[in-house]
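So you can see what is in the structure, the chains are spelled out below.
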Amino acid sequence: MIDEAALLAGIPQQLLIGGRWVDSASGSTFDVTDPSTGAVIARVADGAVADGVRALDAAAGAQDAWAATPPRQRAETLRRAFELVQQHADDLALLMTLEMGKPLAESRAEVAYGGEFLRWFSEEAVRVHGRYGTNPEGTGRMTVAQRPVGPCFFITPWNFPLAMATRKIAPALAAGCTVVVKPAGLTPLTTLFFARLLGEAGLPDGVLNVVTTRASGDVSDAILADPRLRKLSFTGSTEVGVGLLKKAADNVLRTSMELGGNAPFLVFADADLDKAVDGAMLAKFRNIGEACTAANRFLVQASVADEFAARITERVRALRVGRGTEDGVTIGPLIEAKAVEKVQGLVEDAVAAGAALLAGGHAADGPGTFFEPTVLTGIRPDMRIFAEEIFGPVVAITTFDDEAEAVALANATPFGLVSYAFTRDAARGRRLIETLETGMLGLNVGVVSNAAAPFGGVKHSGLGREGGFEGIHEYLETTYVLTPDPFADV
Ligand code: NAP
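Anyway, here's the lowdown on the structure attached to this text. Because the structure is predicted, anything quoted here is derived from the model rather than measured.

Moving on, we get to the overall build of the chain. Scanning the chain for helices and strands turns up 16 helices and 22 strands. Taking 490 residues into account, the globule formula puts the C-alpha radius of gyration at 23 Å, and the chain, at 24 Å, falls close to it. Projected onto its principal axes, the C-alpha coordinates of the chain cover approximately 80 × 60 × 40 Å. By residue count, 56% of the 490 residues in the chain fall in the buried class. Accessible surface, the chain: about 19,100 Å² in total, of which carbon and sulfur atoms supply 54%. Positive and negative side-chain charges of the chain, numbering 44 and 60 respectively, have mean locations separated by a distance of 3 Å.

In structure tokens, the structure reads:
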């Protein structure tokens, strides 16, 4: 059993700039709270615009040497970081539970998932290839080479404090890019701890810099406008992402955008209902429903809808709400009071418009920001809960009659991150791969995330991919060279 106070006392709370832990230029700090108690658990440096610029100075200063570091050496640094994350898995898991609220078992799963990006990209660092060939005219030789994009700026969200950081940092470092990262103000501690582990793994000073701040807009604006920056990668809401894209355009930055979702979860009458319910519980309640990949709209064929709703309601009633550190707790608090208000508003709006409430429906007793696991049926496309990302533990069920209607409902959203479908009909499964407008599809499974897979969305869910063979290419620039036919003069 790790002592919470001792763990927190050992976590860095300053900015990491050029390899040194420093106070913010203003000397001010902001509070980090445990959402399950409301208690302040840390006070971290409140970085100012000048700190953001100093962090970019450090990243830009370290860029050439890091790009020139042999790929094997970069790979081994990442591999050591992977091993350090394993050694500190219990500390990292507890830290995430304390600052974000998810149950400890889920934090451990995130440590495993987040750590995998370090292992995967340590392996990819030495597999960046170019090509050489004859031009079609036969008069020259074409060489295509890859090189690091250059200094990157990362903005990460609070819902997966470790994995959203490693999913960006690992491929960037593997490719030879240096980084400034700004973690979410609600959950900065995991990134600060991870940055320290990277230092212990031997990462040179200045290659990774961390700026925590309450002035996210101002600090980011200054970094985005700086001509030394070459790349922005953002994970968060579509609204903030669109604003950042506009700013990135002024500096013609390369961008990767992992934005909001509104995942459909399709259950056909021919599905194995036991598996569909298991998949639904994972797709909906993992991370307290606060995942961009969370199933948001359950679309169930009318002939099995009552049975599906009854089975899932029974499972939902067995969930246990509480502090994520307690044994047996499966649903932690939502991240903050605003999130509870939003989920409550969506549920009330649906019920007022005619939805039936089968379980939950209300904020649970505090002092933390808890919300009861909830099941609603009778959801129609004109309700807010169908159109908006719920980001909470609410199952919202809509019915359909046939596959064409199911696909039309699934695609009736500007988002396209992930979809889930349960069917035993293989031909239908193959059709859905082509008809659903989605970056990822879980066919008879409720979780798709994997470091070896290209994670990302279409439509308003984003641009680019993180993980997989594709992930490192977000951090590589292509150089093409034409030379004369070397035998022409012979
Ligand atoms: P958010 O409000 O957009 O915040 C995300 C990050 O952006 C935070 O670090 C935040 O800093 C920062 N930020 C906010 N306003 C900014 C501005 N004007 N300039 C620069 N940075 C700014 O999103 P969130 O509530 O943390 O996360 C939930 C959203 O993320 C959901 O929509 C979810 O679907 C999405 N998400 C997507 C993926 C994916 O891979 N597609 C993964 C996880 C989450 P502060 O903390 O200081 O506000």
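From this point, things continue past the structure.
As a general point, the strands of a sheet are linked pairwise by backbone hydrogen bonds and lie either parallel or antiparallel. The strand order 14-15-16-13-12-18-19 describes an open sheet built from seven strands, whose pairing is mixed. Two strands in the sheet have a free side with no partner beyond their single neighbour: strand 14 (356-359) and strand 19 (440-443). Taken over all neighbouring pairs, the strand axes of this sheet differ in orientation by 25° on average, direction set aside. Of the strand pairs in this sheet, strand 12 (residues 263-267) and strand 18 (residues 418-422) are connected by three bridges, and their pairing is parallel. Bridged to leucine 266 within strand 18 is alanine 421. Helix 10 (residues 273-285) rests against strand 12, strand 13 (295-301), strand 16 (394-400) and strand 18 of the sheet, and its axis sits at about 170° to strand 12. On top of the sheet, helix 11 (residues 302-317) reaches strand 12, strand 13, strand 14, strand 15 (374-377) and strand 16; it is set at about 135° to strand 13, its chief contact.

Below, the discussion takes up the layout of surface pockets. Its volume calculated, the largest pocket comes out at about 1,100 Å³. Along the wall of the largest pocket there are 37 residues; nearest its centre are Pro157, Trp158, Gly236, Ser237 and Val240. Elements with a contribution of two residues or more to the lining of the largest pocket: helix 8 (216-225), strand 10 (231-235), helix 9 (238-250) and helix 12 (337-352). With six residues, helix 9 is the largest single contributor of residues to the lining of the largest pocket. The residue inventory of the lining of the largest pocket, partitioned by class, reads 16 nonpolar, twelve polar and nine charged. Each pocket or cavity is described by its volume, and for the second largest pocket that value is around 180 Å³. Along its surface, the second largest pocket is lined by Met1, Ile2, Glu4, Asp90, Ala93, Leu94, Leu104, Arg108, Thr325 and Asp327. Contributing elements (two or more residues each) for the lining of the second largest pocket: helix 4 (89-100) and helix 5 (104-124). Take the lining of the second largest pocket: its biggest share by element is three residues, from helix 4. Residue composition of the lining of the second largest pocket, grouped by class: five nonpolar, one polar and four charged.

Here we come to the pattern of salt bridges. Taken as a whole and assessed by the stated rule, the structure comprises 29 salt bridges. A salt bridge links glutamate 477 to arginine 254; the shortest N-O distance between them is 3.0 Å. Taken as a pair, glutamate 477 in strand 22 (residues 476-484) and arginine 254 in strand 11 (residues 254-258) lie far apart in primary sequence, 223 residues in all. For glutamate 326, the salt bridge is made with arginine 320, and the minimal N-O distance between the two is 3.5 Å. Judged by relative accessible area, which is 38%, glutamate 326 ranks as partly exposed. One network of salt bridges, in which partners are shared, links Asp270, Glu403, Arg428 and Arg431.

Another aspect to go through is the site of the ligand. Around the ligand, the structure places 29 residues, and the nearest of them are Thr156, Ser216, Ser237, Leu259 and Glu389. The separation between an oxygen atom of the ligand and a polar side-chain atom of serine 216 is 2.5 Å. Residue serine 237 places a side-chain N or O atom 2.6 Å away from an oxygen atom belonging to the ligand. In this structure, the ligand is accommodated by the largest pocket. The set of elements that each furnish at least two residues to the shell around the ligand consists of helix 6 (163-175), helix 8, strand 10 and helix 9.

A separate point is the environment of alanine 39. Secondary-structure assignment places alanine 39 in the loop between strand 3 (29-33) and strand 4 (40-45). Take alanine 39: its relative accessible area is 35%, and that puts it in the partly exposed class. Separated by 59 residues in the primary sequence, alanine 39 and leucine 98 have C-alpha atoms spaced 10.0 Å apart. Beyond its immediate stretch of four places on either side in the chain, alanine 39 contacts Val32, Thr33 and Asp34.

What follows covers the pairing of strand 15. Alternating residues of strand 15 divide into Thr374 and Leu376 and Val375 and Thr377, and every residue in both groups is buried. As judged from the three bridges shared by strand 14 and strand 15, these two strands associate in the antiparallel manner. The residue bridging alanine 359 from the neighbouring strand is valine 375, located in strand 15. Here three bridges tie strand 15 to strand 16, and the two strands are oriented parallel to one another.

This brings us to the packing of helix 3 (residues 71-87) against helix 7 (residues 189-200). Running from amino to carboxyl end, helix 3 crosses helix 7 at an angle of 130°, the nearest separation of the two axes being 9 Å. By the angle between their directions, the pair helix 3 and helix 7 is classed as oblique. Judged by the twist between their axes, the crossing of helix 3 over helix 7 is right-handed. Contacts between helix 3 and helix 7 pair Ala81, Leu84 and Val85 from the former with Phe194, Leu197, Leu198 and Glu200 from the latter. In the contact of helix 3 with helix 7, the residues fall into six nonpolar, no polar and one charged.

Turning to the environment of threonine 399, a few remarks are in order. Within the secondary structure layout, threonine 399 lies in strand 16. A residue is classified by how much of its surface remains accessible, and threonine 399, at 43% relative accessible area, is partly exposed. Separated by 47 residues in sequence, threonine 399 and glycine 446 place their C-alpha atoms 19 Å apart. Threonine 399 has contacts with Val300, Ala302, Ala305, Glu405 and Leu409, leaving out every residue within four places of it along the chain.

Our next topic: the side chain of threonine 212. Examined against the element boundaries, threonine 212 turns out to sit in the loop between strand 9 (208-210) and helix 8. A residue is classified by how much of its surface remains accessible, and threonine 212, at 1% relative accessible area, is buried. Here threonine 212 is in contact with Leu15, Phe30, Val44, Ala45, Asp46, Gly47, Pro183, Pro188 and Leu192, once residues within four sequence places are set aside.

The rules behind these values
- Residues numbered from 1 in each chain as written.
- Predicted model: local features only at pLDDT ≥ 70, side-chain atom pairs only at ≥ 80, totals over all residues.
- Heavy atoms only, no water.
- Helix = DSSP H or I, 4+ residues; strand = E, 2+ residues; numbered from the N terminus.
- Rg over C-alpha atoms; globule rule 2.2 N^0.38 Å.
- Buried < 20%, exposed > 50% of the residue type's maximum accessible area, 1.4 Å probe, protein only.
- Areas by Shrake-Rupley, 256 points an atom, 1.4 Å probe, with all protein chains shown as cover.
- Lys, Arg positive; Asp, Glu negative; His and termini not counted.
- Charge placed at Lys NZ, Arg CZ, Asp CG, Glu CD.
- Pairing = 2+ DSSP bridges.
- Axes fitted to C-alpha atoms, helices over the stretch in contact; angles between N-to-C directions.
- Contact = heavy atoms within 4.5 Å.
- 1 Å grid on protein atoms, 1.4 Å probe; cavity = no way out; pocket = protein on both sides within 12 Å on 5 of 7 lines; lining within 4 Å.
- Points joined across faces, edges and corners; volume = space filled by probe spheres on them.
- Nonpolar A, V, L, I, M, F, W, Y, C, P; charged D, E, K, R; others polar.
- Salt bridge = Lys/Arg side-chain N within 4 Å of Asp/Glu carboxyl O.
- Near = heavy atom within 4 Å.
- Polar contact = N/O pair within 3.5 Å; in protein donor to acceptor, adjacent residues only side chain to side chain.
- Sits in = over half its atoms within 2 Å of the grid points.
- Parallel < 35°, antiparallel > 145°, perpendicular 65-115°, else oblique.
- Left-handed = near helix turned anticlockwise from the far one by under 90°.

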